[in-house]
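# A closer look at the structure
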Amino acid sequence: MAAPITPCSSPSSSSSLAFPSEFNLCKPRNCCFSNWVSHVCPRIRTRTHFQIKTSNGHPLNAVSMQGGMDGSPLAKGINPEKEEDFFIDISDGEEAHSTLSITVVGASGDLAKKKIFPALFALYYEDWLPENFVIFGYARTKLTDEELRNMISRTLTCRIDKRANCEDKMEQFLKRCFYHSGEYSSEEHFAELDNKLKEKEAGKRSNRLFYLSIPPNIFVDVVRCASRKASSAKGWTRVIVEKPFGRDSESSAELTRCLKKYLTEEQIFRIDHYLGKELVENLSVLRFSNLVFEPLWSRNYIRNVQFIFSEDFGTEGRGGYFDNYGIIRDIMQNHLLQILALFAMETPVSLDAEDIRNEKVKVLRSMKPLELEDVIIGQYKGHNKGGRTYPGYTDDSTVPSNSITPTFAAAALFINNARWDGVPFLMKAGKALHRKRAEIRVQFRHVPGNLYKRNFGTDLDKATNELVLRVQPDEAIYLKINNKVPGLGMRLDRSDLNLLYRARYPREIPDAYERLLLDAIAGERRLFIRSDELDAAWSLFTPLLKELEAKKISPELYPYGSRGPVGAHYLAAKYNVRWGDLGGDDD
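Here the structure is a predicted model, which means the values were calculated and not measured. (Residues numbered from 1 in each chain as written. Predicted model: local features only at pLDDT ≥ 70, side-chain atom pairs only at ≥ 80, totals over all residues. Heavy atoms only, no water.)

Glancing now at the packing of aromatic side chains. Under the definition given, this model contains 25 aromatic pairs. Both rings, one in Y124 and one in F133, keep their centres 5.5 Å apart while their planes meet at 55°; by these two values the pair is tilted. As far as burial versus exposure is concerned, Y124 and F133 are alike and both buried. A connected cluster of aromatic rings, assembled from ring pairs, spans F322, Y380, Y390, Y393, F408, Y558 and Y560. (Phe/Tyr/Trp six-rings, centres within 6.5 Å; stacked < 30°, edge-to-face > 60°. Buried < 20%, exposed > 50% of the residue type's maximum accessible area, 1.4 Å probe, protein only.)

Here you go:
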């Protein structure tokens, strides 16, 4: 079983201390000079000189150049006819008198070393961080500042481009990284951290961000100590919390209740890194800014929607953690369900975070309760392939030999509203499958009275239009259409209208953690999970999880490197659906 959530009760009898009220660096809908670019605001560099660019790295051209009715230009030196980078010189006294202090709690762990510190360096390398910032690592491991720098320097790369100043930027970044060793439940040690932060902040107004890269059973201890001893006195203080957010509705609600003894909802940033993926962010753009898609986005034209997550490796030594949660809690209840909510939501009132999250909650609350008959679970077993032996899940030394924890799950979900009534939303996620991929597949209905159906024979699925958003790897959006093969005969072919990101946008796509860290610094909550979203998500999956565990249902075994258990195909066939990833590697 997972470690229990730390009780809310504090060793001190004093009442809970809330963090100081938020100071917004930038209010997303008001601070920019035109409504056309109002939502570029959270991404704007905060240096004295900065470039305004779109998220793909190209200059933003769709900017109103008129400052008022007199037709005067908004900024000198901007030529709307030229497609080139432009700069706006700002003299912001606020930045000169404030600092950003980022504390990575659990700094010696794998997530911090492999994801968080590299993401922070990438933001620094691309000038997204403010001029005055400092980074502290905090963990129980005894390290010096220099030892921390040596540890994280092994994972820092100038992956975005190969400019000659890479080593210089890395050295400058590492000089801003410091370390403090302490216990996670010690207010005294957090008071020592506070003193070190104040020393680096040098009397400026401090804005502090804490990233909790630690197990959930010590979240509350850390938040209690940080709130009482290391919060900002004048600026804002925010806390990023990593999943898992509990194991079920009860533990999740308890965790939220405990955190809210010391934090307000506005200070809690529950991170789901899949919401920071480029293709997931592009999902709403694709739907709401293209007239060709929005009219089709309903039960009238869409036959089914598939959310597919597959990994081509097993637990590989992480089985101890995974066995406490399983694939449903680890992937389905958060990553895939969040993407489903974004896909299926109604048009929000605006792009404001609360408007978007309100619509997502409506979707989650409209979903039909999950039933056991609409779920298939599996577990990978050992397999010999190509002269190599692949171990089974229970062969992992960190996994109990009699474990029935699923490493694969498939489910059919339904949304009880006017837009999606009767449309199956199929999810499947698994480890040790034949390839690594995450994608959204939208299969449209057959053309009624199709004049060319005889050219496709009896397999009408071959004639189905399908929209695919490949989240990873090799990000792409493509639409499968039917067309005539050139020649004198009438032979039809299924082809792709393809947007392959690496071909269209040669600049490397930022990592999801970069985007989410930048949003947290800016106070933009659109890609973070609100507490009522979390409650609605757990309400959907908790009854199913309890039934699986109470009945001790054994998972169907499937060979390592296969396409998963056969039961998943029967589940899809039950709703007259074929999984879209069963073709070739490019399907």
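Time to look at helix α13 (residues 512–522). Most of α13 sits inside the fold, with 11 of its 11 residues counted as buried. For α13, the set of buried residues is A512, Y513, E514, R515, L516, L517, L518, D519, A520, I521 and A522. The residue sitting at the N-terminus of α13 and contributing the capping side-chain oxygen is D511; that oxygen lies 2.9 Å from the backbone nitrogen of Y513. G523, located one to two residues past α13, shows a positive phi value of around 80°. (Helix = DSSP H or I, 4+ residues; strand = E, 2+ residues; numbered from the N terminus. Polar contact = N/O pair within 3.5 Å; in protein donor to acceptor, adjacent residues only side chain to side chain.)

Below, the discussion takes up the sheet that holds strand β18 (residues 492–500). Across the sheet, 9 strands lie side by side as β18-β17-β16-β15-β9-β14-β13-β10-β20; this open sheet has mixed pairing. The two strands at the open ends of the sheet, each matched to only one other strand, are β18 and β20 (556–559). Between one strand axis and the next, the sheet turns through 20° on average, direction left out of account. Relative to β20, strand β10 (residues 375–381) runs parallel, the two being bridged by 4 bridges. When the sheet's bridge partners are listed, K381 is paired in β20 with P559. Contacts between helix α10 (residues 326–344) and the sheet are confined to β9 (302–310), β10, β13 (408–413), β14 (425–430) and β15 (437–444), with β14 contributing the most and set at about 145° to the helix. (Pairing = 2+ DSSP bridges. Axes fitted to C-alpha atoms, helices over the stretch in contact; angles between N-to-C directions. Contact = heavy atoms within 4.5 Å.)

Here the focus is the pairing of β15. Counting buried positions along β15 gives 8 out of 8 residues, so the element sits mostly inside the fold. Residues R437, E439, R441 and Q443 point to one face of β15 and A438, I440, V442 and F444 to the other, with burial holding for every one of them. As paired strands, β9 and β15 are joined by 8 bridges and run antiparallel to one another. Bridge pairing in β15 places N304 opposite Q443. Pairing of β15 with strand β16 (residues 466–472) involves 6 bridges; the strand directions are antiparallel. Along β16, the bridge assignment pairs I440 with L469.

Chain-level statistics for the chain give a pLDDT mean of 81 and a share of 79% at 70 or above. When pLDDT is averaged over each element of the chain, β13 comes out on top at 96 and strand β2 (residues 87–89) at the bottom at 36. Overall, residues 1–6 carries pLDDT values under 50, and its contacts beyond four positions in sequence, including any with other chains, amount to 16 contacts. (pLDDT = per-residue confidence, 0-100.)

In this model, helix α11 (residues 353–365) (13 residues) spans 18 Å end to end at C-alpha, consistent with the 18 Å of a helix rising 1.5 Å per residue. Taken together, the buried residues of α11 touch α10, β19 (528–529) and α14 (531–550). Put simply, D352 is the residue that caps the front of α11, since its side-chain oxygen is 3.1 Å from the backbone nitrogen of E354. (Expected span 1.5 Å × (residues − 1).)

A few words on the sheet that holds strand β3 (residues 98–105). The sheet built from 7 strands is open, its strands ordered β5-β4-β3-β6-β7-β8-β19 with mixed pairing. Each of the sheet's edge strands pairs with one partner strand only, and the pair in question is β5 (177–181) and β19.

Here we take up unusual backbone geometry. Of the consecutive residues K243 and P244, the connecting peptide bond is found in the cis state with omega at 10°. The residue P244 is located in the loop between β7 (237–242) and α7 (249–259) in this model. The residue after Q472, namely P473, is reached through a cis peptide bond having omega -15°. Relative to the helices and strands, P473 resides in the loop between β16 and β17 (476–484). Despite not being glycine, D474 has its phi angle at roughly 50°, a positive value. Along the polypeptide, D474 turns up in the loop between β16 and β17. Even without glycine at this site, K552 takes up a positive phi of about 50°. Looking at the secondary structure, you find K552 in the loop between α14 and β20.

A separate point is the pattern of salt bridges. The tally for this structure, following the rule as stated, stands at 36 salt bridges. Among the ionic pairs, R526 bridges to E281, the shortest N-O distance being 3.1 Å. Here R526, found in the loop between α13 and β19, pairs with E281, found in helix α8 (residues 278–288); they are 245 residues apart in sequence, far enough to count as distant. The exposure class assigned to R526 is partly exposed, which follows from its relative accessible area of 21%. By relative accessible area, which is 15% here, E281 ends up buried. One salt bridge connects E359 with K362, and the closest N-O pair in it is separated by 3.4 Å. With E359 and K362 both in helix α11 and 3 residues apart, the pair spans about one turn of that helix. Salt bridges here are not isolated pairs; linked through shared partners, they connect E278, E281, R515, E524 and R526. (Salt bridge = Lys/Arg side-chain N within 4 Å of Asp/Glu carboxyl O.)

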